[in-house]
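A look at the structure
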Amino acid sequence: MFSKILIANRGEVALRIIRACKELGIRTVAVYSQPDINSLHVKYADEAICIGSAASANSYLNIPSIISAAEITDVEAIHPGYGFLAEDAHFAEICESCKIKFIGPTPENIRRMGDKMAAKDSAKKAGVPTIPGSKACVKTKEEAIKIAKEMRYPVIIKAAAGGGGKGMRICHNDVRLISAFLTAQREAEAAFGNPEVYIEKYIERPRHIEIQILGDSYGHIVHLGERDCTIQRRHQKLIEETPSPVLDAKLRKRMGEAAVKCAKAIGYVNAGTVEFLLDEDNSFYFMEMNTRIQVEHPITEMVTGIDLVKDQIRIAAGERIPYKQDNITFNGSAIECRINAEDPDNDFMPCPGKIAVFNVPGGRGVRLDTHAYPGYEISPYYDSMIGKLIVHGKNRTEAINICKRALDEFIIEPIKTTIPFHKRVMNNPAFIRGKFSTDFIERLFEKTE
Ligand code: MV4
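Anyway, here's the lowdown on the structure attached to this text. (Residues numbered from 1 in each chain as written. Predicted model: local features only at pLDDT ≥ 70, side-chain atom pairs only at ≥ 80, totals over all residues. Heavy atoms only, no water.)

A word on the overall build of the chain. Each helix and strand counted, the chain has 15 helices and 22 strands in total. Reported as C-alpha extents along the three principal axes, the dimensions of the chain are approximately 60 × 50 × 45 Å. Put simply, the chain has 449 residues, and 59% of those count as buried. Within the chain, counting contacts between residues at least 6 apart in sequence, those at least 24 apart form 66% of the total. (Helix = DSSP H or I, 4+ residues; strand = E, 2+ residues; numbered from the N terminus. Buried < 20%, exposed > 50% of the residue type's maximum accessible area, 1.4 Å probe, protein only. Contact = heavy atoms within 4.5 Å.)

And the structure:
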């Protein structure tokens with residue numbers, strides 16, 4: 001097992017990794033940008049190195065600076081967390097070339113799943129259902145029209161180098177398709193340096209169901225159930241839950257097996273998440289695979305009792321996953337609410353600033369993963385998430401009740417946060433019934449406009 005790990009990240013996920021390391025008896029090195037000097041991950045790590053100025057490019061994305069910090073402190077491994085360099089195959093390669101273990105998948109796993117067409121091709125070859133669409137990237141508008149006629153409208157244009165909703169355009173007829181196709185190519189070139197786009201049948205009112213998988217270096221791969229992440233705004237997840245209110249045991253088994261097949265097909269190692277779109281007729285389709293630990297991993301931990309970050313570290317240290325698929329059990333329901341410094345009544349505008357009052361919730365079934373504290377200055381340089389409220393109950397109704405209680409206890413002043421938004425959702429009849437799709441938030445806010 002490693003004796004010292006560098007955490008190449010900040011905020012709540014850096015704290016999450018430090019906690020796992022401490023429980024494993026591993027010393028920790030934090031890296032931080034100048035404005036993060038008073039952050040908790042700096043305070044709680046055994047050592048801390050300033051790696052640059054505020055801009056991510058000068059600090060948390062600054063590979064030479066991070067590798068230098070790792071060399072100076074003589075760490076054996078680096079955990080990238082999520083975001084920043086977590087899915088940067090080049091960074092993973094540099095770590096390996098410096099004999100520093102990258103705690104995550106192989107560079108090949110990252111690269112393969114980073115190209116959305118290649119990822120889809122892998123899934124298809126693994127026998128996993130994929131969304132009907134073009135076999136490869138579409139080069140000309142004539143080809144686009146031909147494919148759309150085969151698919152029947154509506155269709156969606158996606159950037160091969162996109163993902164996470166970036167560069168997507170929905171089309172309902174030939175005229176819209178032609179203009180969207182040309183615009184999408186230009187935008188993809190500008191945003192990702194790669195103009196390649198592909199076309200798929202548009203799945204209307206889908207749900208976003210993702211499956212957590214874990215693979216060790218001996219080819220043993222298991223899944224840890226699903227997370228329903230359908231409540232999103234502009235492709236930013238806000239609320240996640242497990243189990244999904246729309247999955248029965250049979251569908252859960254089929255989707256779990258499909259996710260494991262995806263991972264097995266590419267020899268996946270460490271933690272990963274296979275994202276599916278679930279149609280209203282319970283057909284599911286491979287969407288993307290994320291090659292990192294995800295923000296929402298705690299809800300899976302709450303229902304399985306498995307510490308995903310510790311297992312990531314153990315796998316990277318060459319250990320075998322100590323449980324078989326049949327040993328993994330799911331207990332109760334868990335819900336995560338992302339607490340962002342944003343104003344839900346002002347188009348979720350980010351609201352950085354100093355926290356004066358920070359009264360946190362607690363009690364049975366409540367977990368709060370946050371790096372904030374009274375007096376903490378929320379930085380305008382990084383994303384607006386200040387913490388995640390995670391609750392666990394014996395079933396979905398109890399989890400919702402615990403969530404409502406915890407949200408009432410959670411006082412953050414004077415900055416605006418998404419807490420009032422979460423309160424509205426937890427009291428929304430459609431949410432409580434479990435009947436909603438990816439347009440839930442638009443419909444929730446539209447109704448009041
Ligand atoms: C789709 C889709 C409908 N049909 N693809 C959004 C981000 C990226 N993961 C892919 N996404 C979608 N792809 C087809 N063929 C609808 C979405 C989508 C979505 C998916 C999951 C959760 C929230 C979403 C919000 C808008 C669009």
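In the neighbourhood of the ligand, 18 residues make up the surrounding shell, with Lys158, Glu200, Lys201, Ile203 and Glu288 lying closest. Glu200 is positioned such that a nitrogen or oxygen atom in its side chain is 2.9 Å from a nitrogen atom of the ligand. Surface burial for the ligand is 92%, taken as the share of its 520 Å² of free accessible area covered by protein chains. Elements with a minimum of two residues in the shell around the ligand: β6 (155–159), β8 (197–201), β12 (270–278) and β13 (284–290). Of the residues in the shell around the ligand, the class split is 7 nonpolar, 6 polar and 5 charged. A domain split of the shell around the ligand shows at least three residues from each of domain 2 (132–201) and domain 3 (207–448). (Near = heavy atom within 4 Å. Polar contact = N/O pair within 3.5 Å; in protein donor to acceptor, adjacent residues only side chain to side chain. Areas by Shrake-Rupley, 256 points an atom, 1.4 Å probe, with all protein chains shown as cover. Nonpolar A, V, L, I, M, F, W, Y, C, P; charged D, E, K, R; others polar. Domains from an automatic or database assignment.)

The interhelical angle for the contact between helix α1 (residues 11–23) and helix α11 (residues 308–316), taken along N-to-C directions, is 65°, at an axis separation of 9 Å. Where α1 crosses over α11, the two elements pack in a sense that is right-handed. Facing α1, whose interface residues are Arg16, Ile17, Ala20, Cys21 and Glu23, α11 presents Leu308, Val309, Lys310 and Ile313. Class assignment of the residues belonging to the contact of α1 with α11 gives a composition of 6 nonpolar, no polar and 3 charged. (Axes fitted to C-alpha atoms, helices over the stretch in contact; angles between N-to-C directions. Left-handed = near helix turned anticlockwise from the far one by under 90°.)

A separate point is the environment of Gly165. In this structure, Gly165 sits in the loop between β6 and β7 (169–171). A relative accessible area of 16% places Gly165 in the buried class. Taking the C-alpha atoms as reference points, Gly165 and Gln236, 71 residues apart in sequence, are found 9.2 Å from one another.

In this section: the side chain of Asp216. With respect to the secondary-structure elements, Asp216 resides in the loop between β9 (207–215) and β10 (221–233). Among buried charged residues, Asp216 stands out as having no salt bridge; its nearest opposite-charge side chain is Arg320, 5.2 Å away. One polar contact links the side chain of Asp216 to the main-chain amide nitrogen of Gly219, over a distance of 3.3 Å. Polar contacts involving the side chain of Asp216 include one to the main-chain amide nitrogen of Ile321, which spans 2.9 Å. Those residues in contact with Asp216 that sit more than four places away from it in its chain are Tyr268, Val269, Ile315, Glu319, Arg320 and Ile321. (Lys, Arg positive; Asp, Glu negative; His and termini not counted. Salt bridge = Lys/Arg side-chain N within 4 Å of Asp/Glu carboxyl O.)

For the rest of this paragraph, the subject is the pattern of salt bridges. Under the defined criterion, the tally for this structure stands at 41 salt bridges. Lys146 is the salt-bridge partner of Glu150, the closest N and O atoms lying 3.3 Å from each other. Linking Glu150 with Lys146, this pair stays in helix α7 (residues 141–151), spanning 4 residues, or about one helical turn. We note a salt bridge from Asp174 to Lys149, for which the minimum N-O separation is 2.8 Å. Taken as a pair, Asp174 in helix α8 (residues 174–192) and Lys149 in helix α7 lie far apart in primary sequence, 25 residues in all. Residue class for Asp174 comes out partly exposed when judged on its relative accessible area of 26%.

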